[in-house]
Structures are given as structure tokens and as C-alpha cells.
Amino acid sequence: MTQDYKTKVLIIGSGPAGYTAAIYAARAGLNPMMVAGIEPGGQLMITTEVENYPGFAEIQGPQLMENMREQAEKVGTQIVSDMIVDVDFDNRPFTAKDDSGNTYTADTVIISTGAKARWLGLDSEYKFQGLGVSACATCDGFFFRDQHVAVIGGGNSAVEEALFLTNFCSKVTLVHRRDELRAEKVMQDRLFANEKVEVVWDSVVEEVVGVGHGEGDTPGMTGIRVKNVKTDEISEIECQGMFVAIGHDPATQLFKDKLDMDDEGYLIVEPGTPRTKIAGVFAAGDVADKIYRQAVTAAGMGCMAALDADKYLSVNGSH
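Residues numbered from 1 in each chain as written. Predicted model: local features only at pLDDT ≥ 70, side-chain atom pairs only at ≥ 80, totals over all residues. Heavy atoms only, no water.

Enquirer: I'd like to hear about the packing of aromatic side chains, residue by residue, with values.
Expert: Tallied over the entire structure, the rule returns eight aromatic pairs. Centre to centre, the rings of tyrosine 53 and phenylalanine 56 are 6.4 Å apart; their planes meet at 45°, and the pair counts as tilted. An aromatic cluster is present here, built from Phe89, Phe94 and Phe255 joined pairwise through their rings. (Phe/Tyr/Trp six-rings, centres within 6.5 Å; stacked < 30°, edge-to-face > 60°.)

Enquirer: Run through the state of the cysteines, naming residues and quoting values.
Expert: Scanning all chains against the criterion turns up one disulfide. Note that cysteine 136 is cross-linked by a disulfide to cysteine 139, the S-S spacing being 2.2 Å. Taking the torsion about the sulfur-sulfur bond, which here is approximately 70°, the covalent link between cysteine 136 and cysteine 139 counts as right-handed. A disulfide-free cysteine, cysteine 169 has its sulfur positioned 10 Å from the sulfur of cysteine 239, the nearest such atom. In this structure cysteine 239 comes out as buried when scored by relative accessible area, which is 0%. (Disulfide = S-S within 2.5 Å. Buried < 20%, exposed > 50% of the residue type's maximum accessible area, 1.4 Å probe, protein only.)

Enquirer: Tell me about the environment of asparagine 91, and name the residues and values.
Expert: Examined against the element boundaries, asparagine 91 turns out to sit in the loop between strand E6 (84-88) and strand E7 (94-98). With a relative accessible area of 46%, asparagine 91 lands in the partly exposed category. As for asparagine 91 and serine 157, which are separated by 66 residues in sequence, their C-alpha atoms are 39 Å apart. One polar contact links asparagine 91 to aspartate 88, side chain to side chain, over a distance of 3.0 Å. (Helix = DSSP H or I, 4+ residues; strand = E, 2+ residues; numbered from the N terminus. Polar contact = N/O pair within 3.5 Å; in protein donor to acceptor, adjacent residues only side chain to side chain.)

Enquirer: Lay out the nonpolar core in plain terms, naming residues and giving numbers.
Expert: Core analysis: the largest hydrophobic core is formed by 56 residues, its most contacted members being Leu10, Phe89, Tyr104, Ile111 and Phe255. With eight residues, helix H7 (residues 295-315) is the single largest residue contributor to this core. Those residues in contact with leucine 10 that lie beyond four places of it in its chain are Met33, Val35, Ala96, Tyr104, Ala106, Thr108, Val109 and Ile110. Core analysis: the second largest hydrophobic core is formed by 21 residues, Ala137, Val149, Leu181 and Met187 among them. (Core = buried A, V, L, I, M, F, W, Y, C linked by side-chain atoms within 4.5 Å. Contact = heavy atoms within 4.5 Å.)

Enquirer: I'd like a description of the packing of helix H1 (residues 15-27) against H7, backed by residues and values.
Expert: Between H1 and H7, whose axes approach to 7 Å, the crossing angle comes to 35°. Crossing of H1 against H7: the hand is right-handed. Contact residues: Pro16, Ala17, Thr20, Ala21, Tyr24 and Ala25 in H1; Ala295, Ala298, Ala299, Gly302, Cys303, Ala306 and Leu307 in H7. The residue makeup of the contact of H1 with H7, split by class, is 11 nonpolar, two polar and no charged. (Axes fitted to C-alpha atoms, helices over the stretch in contact; angles between N-to-C directions. Left-handed = near helix turned anticlockwise from the far one by under 90°. Nonpolar A, V, L, I, M, F, W, Y, C, P; charged D, E, K, R; others polar.)

Pasting the structure below:
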């Protein structure tokens with residue numbers, strides 16, 4: 001049986017941004033509702049060790065998300081395990097429907113649907129996620145101190161990741177499927193000038209090799225098997241880590257033609273705020289941030305969104 005819900009604050013999506021927004025909104029007495037989405041907790045649910053979130057010297061990504069969820073519920077957030085499939089921002093109060101047919105009427109909406117890293121689509125890549133395979137050098141680069149890692153990609157993100165990793169790693173091999181990079185010229189110059197970096201051109205990753213869970217020895221990747229797309233020659237690169245840097249896809253399809261987006265699909269917000277073009281609708285976390293993409297910055301934006309929602313409700317007499 002479907003239900004109709006009414007709330008002052010509807011949070012679409014979870015993760016650090018959504019949970020933090022929920023905590024602040026609940027503590028402000030706004031009784032927020034969260035529809036957690038198809039993958040509650042977001043990208044941190046596939047992250048193992050987290051060492052860069054303030055207050056936790058070391059914690060597993062899923063545990064950090066569970067802690068946030070419990071805290072949000074403890075202070076009064078109602079969390080629904082479903083996903084929003086339709087929204088109406090043209091009329092006030094705003095309305096949304098979930099996949100089960102439930103309707104939500106809300107005075108304000110906070111969007112925290114996040115973004116997903118693009119992966120290569122290899123079974124072995126999935127097998128070694130958290131065992132050497134990552135999509136975030138800022139998050140995981142420290143774990144590969146004095147080791148050899150590979151970066152996959154050829155755009156600005158890949159070059160940035162490779163250069164960042166040279167601060168920790170003994171060697172960084174950039175694997176690119178073409179014979180020239182797409183990154184900006186100044187960044188390419190920095191990359192080619194770095195003695196720790198080697199570029200493997202015209203090549204794609206065929207397989208990640210190593211020892212998986214339950215296969216005997218200490219689990220972890222030991223290298224990647226690559227194929228030259230011009231010669232079909234197969235070779236193996238010994239390395240302890242692989243960083244996939246071929247872009248991210250924000251989860252914004254639901255908001256197409258309803259909110260402003262950039263050419264990559266990220267929601268556009270007023271600089272320095274989580275405010276979208278529609279008053280009362282806010283966007284927080286990776287859904288609007290393609291630069292930093294960190295749990296702590298997402299949480300900060302979630303806090304900002306909740307504070308702005310509270311202010312909007314006060315000004316508009318809905319508090």
C-alpha cells in the first residue's frame with residue numbers, strides 16, 4: 001500500500017552529504033525525511049580503510065557510513081529504503097515519488113545522490129577493489145608509499161592523479177589507450193618532466209592480476225596485463241596498485257531539464273553555496289562537486305545545505 005508523506009526537508013540520497021544534512025536538519029527540529037537511494041552510503045560502501053576523515057585515525061568506509069546513518073536516525077531523521085524516480089520542482093510545495101509509488105511533499109529538498117567513478121568493466125578490477133584497485137588517489141595514495149602503481153587514463157584527472165601519486169610512490173606508470181594525452185599542455189609538461197613517471201601508450205588493461213580473498217597468500221594485486229591496441233601485443237606491468245582515472249558520472253539523470261547542469265551532468269549551484277537555481281532546492285556533495293570529491297567536503301556541503309534549508313524555511317514562514 002502506497003503512502004503520502006509530508007516533510008519540511010526531503011533528502012534525496014545518502015552518503016556523507018545526505019547523512020550530515022539529515023543530522024543538522026534534525027537537530028534544528030525540522031524532522032527531515034531521507035530516501036536513501038539504491039546504494040545507501042554511496043562510494044564509501046566500496047571503500048575499505050579510511051584514514052583521512054577527521055576524528056577517525058582508521059575506519060572502514062561502510063562502518064563510517066553506518067555510524068552516520070545511526071546518528072542521523074538517533075536525532076530524528078526518518079530514513080526510507082527506496083529510490084526517488086520522479087520530482088516536481090515547478091510547484092510548491094515540491095513533490096517526489098519513489099519506486100514503490102509513495103509520494104513525498106516537501107517544503108525544501110536537499111539532493112545528495114552523489115557520483116560514481118567510471119570503471120573499466122573488468123571482473124578482475126572488481127575483484128581487487130580495495131586490494132590495490134582504487135578510483136581516488138587523494139583517498140588511497142598514502143597506502144602505496146614507496147610502491148609502484150599504475151594510473152589508467154589520459155585526461156586532466158589522470159595526469160593530476162599520477163602527479164599526486166609521485167609524492168608517495170617510487171614509480172607511477174600512466175597507461176593510455178591513445179598515442180597522446182587529452183590533458184592540458186601545462187599539465188602534460190609537468191608529467192613528462194617528472195622522473196618517477198613512465199607512460200605506456202596505445203594500451204588498454206586486459207586484466208588485474210594478483211591474489212584474491214580466500215586464495216591462500218596475503219590478498220592483493222601484483223600487476224596488470226595490458227594489450228597494445230595497435231600491435232595486439234600483451235605485456236605485464238608489475239605494480240601494487242591501479243588507479244582508474246577515466247572520469248565520474250554524477251547521478252543526476254532524474255533532474256534533467258528540471259535543474260541546471262554543466263556539460264558533464266553535475267548540478268550547478270551558486271558559487272560557495274549548495275543553492276540551485278530553484279529557491280528551496282539544494283545540492284550537496286559529489287552531485288555538485290567534481291573538483292574535490294572527498295567525504296569531508298561532501299559532509300561540509302551537507303551541513304551547508306541543511307543550514308540554508310533552515311534559513312529558507314524561517315524566511316518563508318514554514319519553520
